[in-house]
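# Working through the structure, step by step
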Amino acid sequence: MNRSSLFVLIKKELTRLFGDRRLVFSGILLQGLLLYVMYSVMGNFMGDMISVDEDYTYKVYAVNAPQSFSMLISESGMPIELTESDAATARQNVADNKADLFIMFSSDFDSQVAGYDIASGSQAPQIQIWHNASRIESLEADSMVKNLFREFERSMVKKFDINADLDPQEYDLNTGMDFASSFTMSLIPMLIIMVMYQGCMAIAPESIAGEKERGTLGTILVTPAKRSNIALAKILSISVFGILGAVVTFGSMMLSLPKMFVSEADGFTFDYSVSEYLCILLLTISTVLVFVALLSVLSAYAKSTKEATTHASPLIIVGMVCGMSSMITGGAVSEFYYYFIPIFNSAHSLTGIFTGDASTLNIAITALTNTAVALIFTAVLTKMFSSERIVFDK
Amino acid sequence: MQEILSVSNLTKTFKVSKKQQKLRNLNKSVITAANDVSFTSYKGEVFGLLGPNGAGKTTVMRMLATLINPDSGDAMVGGKSIVQNSREVRSSIGFLTNELKLDDFFTPNYTFDFFAEMHRIPKQTAKQRKQELFGKFGIDKFAEVKISNLSQGMRQKFSLVTSIVHNPDMIIFDEPTNGLDVITAKVVTDFLIELKKEGKSIILSTHIFELVEKLCDRIGIIIDGRMVACGTVDEVSGGRPFEEAFFDIYSKTTGEVV
Ligand SMILES: Nc1ncnc2c1ncn2[C@@H]1O[C@H](COP(=O)(O)OP(=O)(O)OP(=O)(O)O)[C@@H](O)[C@H]1O
Ligand SMILES: [Mg+2]
């Protein structure tokens, strides 16, 4: 019978929040909806931009193409038209959009491969592939040929390397910016971060500053409950809301991302492993906890919902900048210490997962850092609630 | 006579923002809302706090209810210090004031159960008490109506009910009839009399002299944060009608002629 006041308070808070249809909508459902709509719109838009005609034949220029390669192509049945050429012409044609791909083999490739001893440690025979990312046909050809080689290489027990020596971007002969993919890449984490922020914004100020403003917090302060329990109940119930919002965000991402990544050629594939999905979920949840805790503290400082919203709105800019930062850095940063920066870390971890170069360490640092930050803010909030200036300033 | 409340030297100051100073035409940045206030109240008595607007009545009551902490001084409620044992104090008092609002979103039924749980009242006891109080104030008909849809009078009656869910020994009422129509005001006043008969101790602030004469055993007059007169109603009024005595004290203290 003597249930702790914390339990009673959480029950009341949840009844309150979930009983308010407006809050459930703007705090949980809206995020998923926003994300889904934005992704679908963007997906359609980009789908138009990046699809290859079904009966298109890819124009591939090759230098020193060995017999085995021509055979490989004809065996695969891929619509590829191979032209033997010199390096300069091939390069120029790809850059000028007259050809889709330029492949350069080490001279006498087949016999080199046959004679190559893996154990020798000497340089393996080389294949270099250049594409032009401004054209979807070129990107498509690039991934097609690379897949082909991968198959081929596997069958040959790794006797040559593809594009081993250079940064992948240097093989992009497009002189303009690879707009579509960097735009998409930087937009996704940003959108996720922003919709989750907006979800928390719908609840935390209302639940904390709103109760102060309406004087309903005071009636709870005169019960024997510990002030810290009142604070904890607030933040825990808002967290429950926030986590549900994150799950909805995650769910809508799962539903709408495949629409966006209509093609594999822009560098993304949408066949992630279960553990990658779990990482995305973990990241969204740990991010939302930071928002909940941060906005709760801000809301406790404010005297009214309006004031809380005003205080919190500059933060959306910070969220946006963090979200877009992966565009500036050209993908996820790899140095682990960057992942100690909350929110920034979320954006880069998500980018990392989407582009396939996430590290488990960085994701773990992100989740732990964000959870720790949320806990610190929670502690701050419980301290704040014991101050009469914060909870009862009339 | 058994002491239930002994207030000693309670002092509370508030910082006033520059904006507030301008707005209220003050030239100081600190307001002493309660200045060395002391008084004693006994079990089963009604103690009335009187004073003009802004005198510090609400401030004193908030300190007793442990909503705010005194800068110095202390008060013992049933032997418990409001500073040291604030949670025990809170479970033995009821506090009713205009500024504390019930959440519009819930029904009286839910709200009552919530406060009963907060006070850790056994379910059965709470149920009985709810029936009794809801019946007395006619809330039973509205038990499942959202508070936002209750009339002002019904809300005030329900606020009164929630402040005594846990059957506290001492009840602090800050202007309990403020803003009520005469009918509802009478219901509330009658209930105060009933509580007194039950042996509850009541601390009451009011601007209504009639209420003072009808209810209070002992009064304290606060002006500008100071307790300027304190004692039984007879002691303070010195045989005169209470209203006359009050204005006299006010004029003497402030130098203003009313
Ligand atoms: N939180 C606060 N911050 C600043 N000043 C305050 C605060 N609370 C009260 N005051 C000031 O302290 C003084 C005493 O206020 P208080 O509300 O205790 O008066 P009161 O006797 O209850 O008046 P009333 O009859 O109008 O209710 C007033 O000048 C008031 O403005
Ligand atoms: Mg007052």
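Analysis parameters
Residues numbered from 1 in each chain as written. Chains lettered and ligands numbered in written order. Predicted model: local features only at pLDDT ≥ 70, side-chain atom pairs only at ≥ 80, totals over all residues. Heavy atoms only, no water. Helix = DSSP H or I, 4+ residues; strand = E, 2+ residues; numbered from the N terminus. Rg over C-alpha atoms; globule rule 2.2 N^0.38 Å. Buried < 20%, exposed > 50% of the residue type's maximum accessible area, 1.4 Å probe, protein only. Contact = heavy atoms within 4.5 Å. Areas by Shrake-Rupley, 256 points an atom, 1.4 Å probe, with all protein chains shown as cover. Lys, Arg positive; Asp, Glu negative; His and termini not counted. Charge placed at Lys NZ, Arg CZ, Asp CG, Glu CD. Expected span 1.5 Å × (residues − 1). Buried area = accessible area lost by both parts, 1.4 Å probe. Salt bridge = Lys/Arg side-chain N within 4 Å of Asp/Glu carboxyl O. Polar contact = N/O pair within 3.5 Å; in protein donor to acceptor, adjacent residues only side chain to side chain. Axes fitted to C-alpha atoms, helices over the stretch in contact; angles between N-to-C directions. Parallel < 35°, antiparallel > 145°, perpendicular 65-115°, else oblique. Nonpolar A, V, L, I, M, F, W, Y, C, P; charged D, E, K, R; others polar. pLDDT = per-residue confidence, 0-100. Left-handed = near helix turned anticlockwise from the far one by under 90°. Patch = residues over 30% accessible without salt bridge, like charges linked within 9 Å, V, L, I, M, F, W, Y side chains within 5 Å. Pairing = 2+ DSSP bridges. Core = buried A, V, L, I, M, F, W, Y, C linked by side-chain atoms within 4.5 Å.

Looking only at helices and strands, one finds 10 helices and 10 strands in chain B. Here chain B has a C-alpha radius of gyration of 19 Å; the compact-globule value for 258 residues is 18 Å, and the two agree. Structurally, chain B occupies a C-alpha span of about 55 × 45 × 35 Å along its principal axes. The buried share of chain B, taken over its 258 residues, is 53%. Residue pairs at least 24 apart in sequence account for 68% of intrachain contacts in chain B once pairs closer than 6 positions are excluded. Accessible surface, chain B: about 12,000 Å² in total, of which carbon and sulfur atoms supply 47%. Separation of charge centres in chain B, based on 33 positive and 31 negative side chains, amounts to 6 Å.

This part takes up helix α6 (residues 152-163) of chain B. Residue and element names in this part refer to chain B. For α6, with 12 residues, the first-to-last C-alpha span of 17 Å sits near the 16 Å given by 1.5 Å per residue. Most of α6 is tucked away, with 10 of its 12 residues classed as buried. Listed in full, the buried residues belonging to α6 are G153, M154, Q156, K157, F158, S159, L160, V161, T162 and S163.

On the chain A side, the residues contacting the 27 residues of chain B number 29 residues. In terms of surface lost to chain A, no three residues of chain B exceed R90(B), M118(B) and R120(B), which account for 22% of the buried area on that side. Run the count over chain B and chain A and you get 3 salt bridges. A salt bridge links K12(B) to E388(A); the nearest nitrogen and oxygen atoms lie 2.6 Å apart. One can count 12 residue pairs in polar contact (both at pLDDT 80 or more) joining chain B with chain A.

Turning our attention to the pattern of salt bridges. Residues and elements named next belong to chain A. Under the defined criterion, the tally for this structure stands at 20 salt bridges over all chains. A salt bridge links K12 to E211; the nearest nitrogen and oxygen atoms lie 3.6 Å apart. Placement of the pair is K12 in helix α1 (residues 5-19) and E211 in helix α7 (residues 179-214), with a sequence separation of 199 residues. For the pair shown, K12 and E211 are each scored as buried. Bridged by salt links that share partners, the residues K12, E13, E211 and K234 form one connected network.

Moving on: the packing of helix α5 (residues 123-137) of chain B against helix α7 (residues 182-197) of chain B. All names here are of chain B. At a minimum axis separation of 11 Å, α5 and α7 run at an interaxial angle of 135°. Taken together, the axes of α5 and α7 lie oblique to each other. Along its contact with α5, which presents L133, K136 and F137, the element α7 presents V187, F191 and E194. Partitioning the contact of α5 with α7 into residue classes produces 4 nonpolar, no polar and 2 charged.

Attention shifts here to the environment of T378(A). All names here are of chain A. On the secondary structure map, T378 appears in helix α13 (residues 360-385). According to the relative accessible area criterion, T378 is buried, its value standing at 15%. The contact partners of T378, leaving out residues within four places of it in the chain, are L232, I235 and A293.

Time to look at the confidence of the model for chain A. Should the pLDDT be low somewhere, the predicted coordinates at that spot are not to be read in detail. Residues and elements named next belong to chain A. Looking at chain A, the pLDDT average stands at 83 and 85% of residues meet or exceed 70. α13 holds the highest mean pLDDT among the elements of chain A, 95, whereas strand β5 (residues 161-162) holds the lowest, 61. For the stretch residues 175-179, pLDDT sits under 50, and the model shows 2 contacts to residues farther than four places along the chain or on other chains. Overall, residues 263-268 carries pLDDT values under 50, and its contacts beyond four positions in sequence, including any with other chains, amount to 18 contacts.

For the rest of this paragraph, the subject is unusual backbone geometry. Residue and element names in this part refer to chain B. Positive phi is not limited to glycine here, since N9 has a value of about 55°. On the secondary structure map, N9 appears in strand β1 (residues 3-15). Here the phi dihedral of D224 falls at roughly 55°; this positive angle occurs in a residue that is not glycine. Relative to the helices and strands, D224 resides in the loop between β9 (218-223) and β10 (226-232).

All names here are of chain A. Between helix α10 (residues 274-301) and helix α11 (residues 305-328), the shortest axis-to-axis distance is 8 Å and the interhelical angle comes to 140°. When the interaxial angle is binned, α10 and α11 end up oblique. Handedness of the α10/α11 crossing: right-handed. Side by side, α10 and α11 meet where L294, L295, L298, S299 and Y301 of the first sit next to E307, A308, H311, A312 and L315 of the second. Across the contact of α10 with α11, the residue classes tally to 7 nonpolar, 2 polar and 1 charged.

What follows deals with a negative patch on the surface. Residue and element names in this part refer to chain B. Taken together, the side chains of E210, E213, E243 and E244 define an acidic patch exposed on the protein surface. Sorting the residues of the negative patch by element identifies α8 (209-215) and α10 (242-254) as the ones contributing at least two each. Turning to its location among the elements, E210 is positioned in helix α8. E210 sits in the exposed class, given a relative accessible area of 58%.

Now for the sheet that holds β10(B). Residue and element names in this part refer to chain B. Taken together, 6 strands build an open sheet; the order of strands is β6-β7-β8-β3-β9-β10 and the sheet is mixed. Two strands close off the open sheet at either side, each with one partner strand: β6 (93-96) and β10. Averaged over neighbouring strand pairs, the angle between their axes works out to 15° when direction is ignored. As judged from the 4 bridges shared by strand β3 (residues 46-50) and strand β8 (residues 201-205), these two strands associate in the parallel manner.

Another aspect to go through is the nonpolar core. Membership of the largest hydrophobic core comes to 150 residues, with the highest contact counts inside it found for L5(B) and F39(B). The biggest single contributor to this core is α7(A), with 15 residues. If you look at the next biggest cluster of nonpolar residues, it comprises 21 residues, including A62(A), L101(A), V113(A) and M144(A).

With that settled, the discussion passes to the sheet that holds strand β4 (residues 72-77) of chain B. Residues and elements named next belong to chain B. On the basis of which strands lie adjacent, the open sheet formed by 4 strands has the order β2-β1-β4-β5 and antiparallel pairing. Each edge of the open sheet carries a strand with a single partner, namely β2 (30-42) and β5 (80-81). Relative to β5, β4 is paired through 2 bridges, and the arrangement is antiparallel. Each bridged residue has a counterpart across the sheet, and for M76 the counterpart in β5 is S81. Here helix α2 (residues 57-64) sits on the sheet in contact with β1, β2 and β4, set at roughly 120° to β1.

Residue and element names in this part refer to chain A. A cluster of nonpolar side chains, namely F25, L29, L33, Y36, V37, V41 and L255, defines an oily patch on the protein surface of about 650 Å² accessible area. Per-element tally for the nonpolar patch: the top contributor is helix α2 (residues 21-49), with 6 residues. As for its position among the elements, V37 is in helix α2. The class of V37 is partly exposed, set by a relative accessible area of 44%.

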